[in-house]
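What follows is each chain in one-letter form.
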Amino acid sequence: RDSAGYVGQFKTRGDVASVAHSALLNGPFACEFWIHPFAKANDFNAGPVVVCKGNINTSWQVQIDGASGKLFCRVKQGGVSKEAWDTITTPRNTWTAYMARFTGTAVELYRGASSPVASTACTGIDSNAGPLRFGDADTPKGNSLRGLLYDVRLWSARSGAEFAAGMNAPVDPAAPGLLGNWMFDEDSGPIAVDRGPNALHLSVANCDQRTQFARPY
C-alpha cells in the first residue's frame, strides 16, 4: 500500500459515514483507528465524535472532549457512563493510532502501545438498534469531527498486544474476530467499503468525504 493516497475526511456538519444496525454491533467490541485531527484551535470545541453506536450517550462512543481536548471511550451500562480517558490532549496535525475496547469486564483505551492508558471496570453495555456512525453522532448533531480517519477496524475481541503488533500494516480480512474494516481509501462515491467478512459497507453522507493525504503507513 502506498504511503500517500485517499483517506477519510471529515470537516463540516453532515460529514458522516454510517451503517445500519446489525446484531454483530452489540456486545463486547474493540475499535482500532488512525486519526489525524486538524490543527485549528476551535476544532475540539463541540466535543467531536469519532465513532458511536446509536445516538450519543446511548450505547458506546469514542469522542474528543471539547474542554480538555482528550480522547475518551464511553460505554453505557444501565444508563450509567463508564469511561476511559487518554492522559494527554489528542495530538493535532499528525496521525495517532488508538484502540477503544469493552471486554465484558472493563472499558479501556490504548494509544499506540500494547498497554492501556486508561481502564475502568464495566460489566455490561446497553444495546440499541441505532446505526454505527463515524464523524458525528447524528446528521447534523453538532459534535462533528474535523480531521482524517484511516484503517478503522472493529473487532469482537482484540488484545493490546495484537493492536500494537498490527497497527502498522493492513489486516487480514479473514482474521478471527474481525467484524468490519473501513480504509476510507476510495477516491469518491457514496460508499466506504467494508473489507471485513460481513459486508458492513458505510453510507457516506458527503460524496467528497475523501482526500489525498500522506497515510500513517
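Criteria and cut-off values
- Residues numbered from 1 in each chain as written.
- Predicted model: local features only at pLDDT ≥ 70, side-chain atom pairs only at ≥ 80, totals over all residues.
- Heavy atoms only, no water.
- Pairing = 2+ DSSP bridges.
- Helix = DSSP H or I, 4+ residues; strand = E, 2+ residues; numbered from the N terminus.
- Phe/Tyr/Trp six-rings, centres within 6.5 Å; stacked < 30°, edge-to-face > 60°.
- Buried < 20%, exposed > 50% of the residue type's maximum accessible area, 1.4 Å probe, protein only.
- Disulfide = S-S within 2.5 Å.

A. Examining the sheet that holds strand E5 (residues 60–64) more closely. An order of E7-E6-E5-E4-E11-E2-E15-E14 is seen for the eight strands of this open sheet, with the pairing classed as antiparallel. For this open sheet the edge positions go to strand E7 (80–85) and strand E14 (191–192), each flanked by a neighbour on one side alone. In this sheet, strand E6 (residues 71–77) lies alongside E5 in antiparallel orientation, the contact comprising five bridges. Within the sheet, the bridge partner assigned to Val62 lies in E6 and is Cys73.

B. The packing of aromatic side chains, seen in detail. Applying the stated criterion across every chain yields a total of ten aromatic pairs. Between Phe134 and Phe184 the ring centres are 6.1 Å apart and the planes differ by 80 degrees, which places this aromatic pair in the edge-to-face class. Residue Phe134 is located in strand E11 (residues 132–134), and its partner Phe184 is located in the loop between strand E13 (178–182) and E14; the two are separated by 50 residues in the primary sequence. Among the residues examined, Phe184 registers a relative accessible area of 1% and is labelled buried.

C. Quick look at the state of the cysteines. All told, the structure shown has zero disulfides when counted by the stated rule. The thiol sulfur of Cys52 is not disulfide-bonded, and the nearest other cysteine sulfur, from Cys31, lies at 11 Å. Its sulfur unpaired, Cys122 is 9.0 Å from the next cysteine sulfur, which belongs to Cys73.

D. Main features of unusual backbone geometry. The backbone of Asp151 shows a phi angle near 50 degrees, a positive value even though the residue is not glycine. Residues other than glycine seldom take positive phi values, yet Phe184 does so here, at roughly 60 degrees.

E. Structural detail: the pairing of E5. Counting buried positions over the five residues of E5 gives five, a clear majority of the element. Residues Trp60, Val62 and Ile64 of E5 are buried on one face, and the alternating residues Gln61 and Gln63, pointing to the opposite face, are buried as well. In the sheet, strand E4 (residues 49–53) pairs with E5 via four bridges, with the strands oriented antiparallel. Its bridge partner being in E5, Lys53 is matched across the sheet by Trp60.

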